[in-house]
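# Geometric and topological summary
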Amino acid sequence: MTLSCQQLLQKHTQVWHQATVHPFLVQCKLGTIQPQQFNTWLVQDYLFVVEFTRMVAQILAVAPPAHFDVILGGLVALKDELNWFKAKASERQLNLNTQKQSTCTEYCDYMHSLSIMPHPVRATAFWAIELAYNQGWQLPGVMPDPYAEFADRWGNPGFTEYVKLLEQQADEMLQTASETVQHQAEEAFLKVAELEQDFWQMAFNAAS
Ligand code: HMH
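Residues numbered from 1 in each chain as written. Predicted model: local features only at pLDDT ≥ 70, side-chain atom pairs only at ≥ 80, totals over all residues. Heavy atoms only, no water.

Let us now look at the overall build of the protein chain. Of regular secondary structure, the protein chain possesses 10 helices and zero strands. Secondary structure elements of the protein chain, listed N to C terminal, follow the sequence α-α-α-α-α-α-α-α-α-α. Projecting the C-alpha coordinates of the protein chain onto the three principal axes gives extents of approximately 50 × 30 × 30 Å. Within the protein chain, the fraction of its 208 residues that count as buried is 51%. Taking as baseline every contact in the protein chain between residues at least 6 positions apart, the subset at least 24 positions apart corresponds to 85%. For the protein chain, the exposed surface amounts to about 9,700 Å²; the carbon and sulfur share of it is 53%. Looking at the protein chain, you have 12 positive and 22 negative side-chain charges, and the mean spots of the two groups are 6 Å apart. (Helix = DSSP H or I, 4+ residues; strand = E, 2+ residues; numbered from the N terminus. Buried < 20%, exposed > 50% of the residue type's maximum accessible area, 1.4 Å probe, protein only. Contact = heavy atoms within 4.5 Å. Areas by Shrake-Rupley, 256 points an atom, 1.4 Å probe, with all protein chains shown as cover. Lys, Arg positive; Asp, Glu negative; His and termini not counted. Charge placed at Lys NZ, Arg CZ, Asp CG, Glu CD.)

Next comes the structure, spelled out in structure tokens:
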């Protein structure tokens, strides 16, 4: 039997819930997140997205040409996102030229470690990373300002559609993957889920 993204979500509901539902996001929705917590997330997520962009570029380099359109669209969105992060940081007078916290480093190192994995594993991780934010920022419901803009960036219908296309691409790659590679894809999904939870917790811990 071939593995699919939906099967991963169904098999690991608990870990995925922990990756996408966190007090950090609940407190954004309630408007009670502390600036120090939010700003920590903002700076660390910028540093994460820089490395994530490199990961996506490397995936493009090995993807079948039929997948280029979606991945190139993702890279264009990341170009915009990196500039947007810089604008948001500047509004808040945050310095982006700073060190990664250990959780952020661990996540970035993990993304780089995927470069030696077979393409189906990387496509699955790519989908999971984007789905985590797509669901995470949507699940709490409409957020108050200034958080609405952040929730919309990853929760908007266009982004949801993009994540569905990434799922189709990952599923297609998994269909012809060996059992070993399918197992590696499942491990990657679980690792992404764990790191997502840790990332929220890292920012949440920045409370004064
Ligand atoms: C930690 N995961 C993290 N940051 C992001 N910007 C994304 C995922 C994007 O989907």
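Having seen the model, we can carry on.
The description of two packed helices rests on the angle between their axes and on the distance between the axes. Helix α7 (residues 119–136) packs onto helix α4 (residues 35–62) with a crossing angle of 150 degrees between their chain directions and a minimal axis gap of 11 Å. Here α4 lies roughly antiparallel to α7, going by the angle between them. Between α4 and α7 the crossing geometry is left-handed. Contact with α4, carried on its side by Trp41, Asp45, Phe48, Phe52, Met55, Val56, Gln58, Ile59 and Val62, involves His119, Arg122, Ala125, Phe126, Ile129, Glu130 and Tyr133 of α7 and no other residues of that element. Of the residues belonging to the contact of α4 with α7, the class tally is 11 nonpolar, two polar and three charged. (Axes fitted to C-alpha atoms, helices over the stretch in contact; angles between N-to-C directions. Parallel < 35°, antiparallel > 145°, perpendicular 65-115°, else oblique. Left-handed = near helix turned anticlockwise from the far one by under 90°. Nonpolar A, V, L, I, M, F, W, Y, C, P; charged D, E, K, R; others polar.)

Note on placement: Gln14 falls in helix α2 (residues 13–20). Residue classification places Gln14 among the exposed positions, given a relative accessible area of 53%. A sequence separation of 179 residues divides Gln14 from Ala193, and the C-alpha atoms of the two residues are 9.9 Å apart.

By the element assignment, Glu196 lies in helix α10 (residues 179–204). Although buried, Glu196 forms no salt bridge, and the nearest oppositely charged side chain, Lys191, lies 12 Å from it. Those residues within four positions of Glu196 in sequence are excluded, and the remaining contacts are Ala19, Tyr107, Ile129, Ala132 and Tyr133. (Salt bridge = Lys/Arg side-chain N within 4 Å of Asp/Glu carboxyl O.)

A few words on the site of the ligand. All residues adjacent to the ligand are Asp45, Phe48, Val49, Tyr107, Ile129, Glu130, Tyr133, Trp154, Glu196 and Phe199. Interatomic distance of 2.6 Å between a side-chain N/O atom of Asp45 and a nitrogen atom of the ligand. With respect to the ligand, the backbone of Ile129 contributes an N or O atom lying 3.2 Å from an oxygen atom. Cavity membership is defined here by more than half of the atoms lying within 2 Å of grid points; on that basis the ligand lies in the largest pocket. At the level of elements, α4, α7 and α10 are the ones that each hand at least two residues to the shell around the ligand. Of the residues belonging to the shell around the ligand, the class tally is seven nonpolar, no polar and three charged. (Near = heavy atom within 4 Å. Polar contact = N/O pair within 3.5 Å; in protein donor to acceptor, adjacent residues only side chain to side chain. 1 Å grid on protein atoms, 1.4 Å probe; cavity = no way out; pocket = protein on both sides within 12 Å on 5 of 7 lines; lining within 4 Å. Sits in = over half its atoms within 2 Å of the grid points.)

Further remarks concern the layout of surface pockets. Within this model, the largest pocket holds a volume of roughly 240 Å³. If you trace the largest pocket, you find 18 residues lining it, with Leu78, Glu81, Glu130, Trp154 and Phe159 closest to the centre. Among the secondary structure elements, those contributing two or more residues to the lining of the largest pocket are α4, α5 (68–91), α7, α8 (148–155) and α9 (157–175). Sort the elements by how many residues they give to the lining of the largest pocket and α5 lands first, with five residues. Across the lining of the largest pocket, the residue classes tally to 10 nonpolar, three polar and five charged. (Points joined across faces, edges and corners; volume = space filled by probe spheres on them.)

Moving on to the packing of aromatic side chains. Tallied over the full model, the rule gives 29 aromatic pairs. Ring centres of Trp41 and Phe85 lie 6.2 Å apart, and the angle between their planes is 50 degrees; this geometry places the pair in the tilted category. Pair noted here: Trp41 is in helix α4 and Phe85 is in helix α5, with a separation of 44 residues, a long-range link. Residue classification places Trp41 among the buried residues on the basis of a relative accessible area of 0%. An angle of 20 degrees between the planes, with centres 6.4 Å apart, marks the rings of Trp41 and Trp200 as stacked. Linking Trp41 in helix α4 with Trp200 in helix α10, this pair joins segments that are 159 residues apart in sequence. (Phe/Tyr/Trp six-rings, centres within 6.5 Å; stacked < 30°, edge-to-face > 60°.)

Moving on, we get to the packing of α4 against α5. Across the interface, α4 lies against α5 with an axial gap of 10 Å and an inter-helix angle of 160 degrees. Of the possible angle classes, the one that applies to α4 and α5 is roughly antiparallel. Handedness of the α4/α5 crossing: left-handed. Side by side, α4 and α5 meet where Trp41, Leu42, Asp45, Tyr46, Val49, Val50, Phe52, Thr53, Val56, Ala57, Ile59 and Leu60 of the first sit next to Phe68, Ile71, Leu72, Leu75, Leu78, Glu81, Leu82, Phe85, Lys86, Lys88 and Ala89 of the second. In terms of residue class, the contact of α4 with α5 is made up of 18 nonpolar, one polar and four charged.

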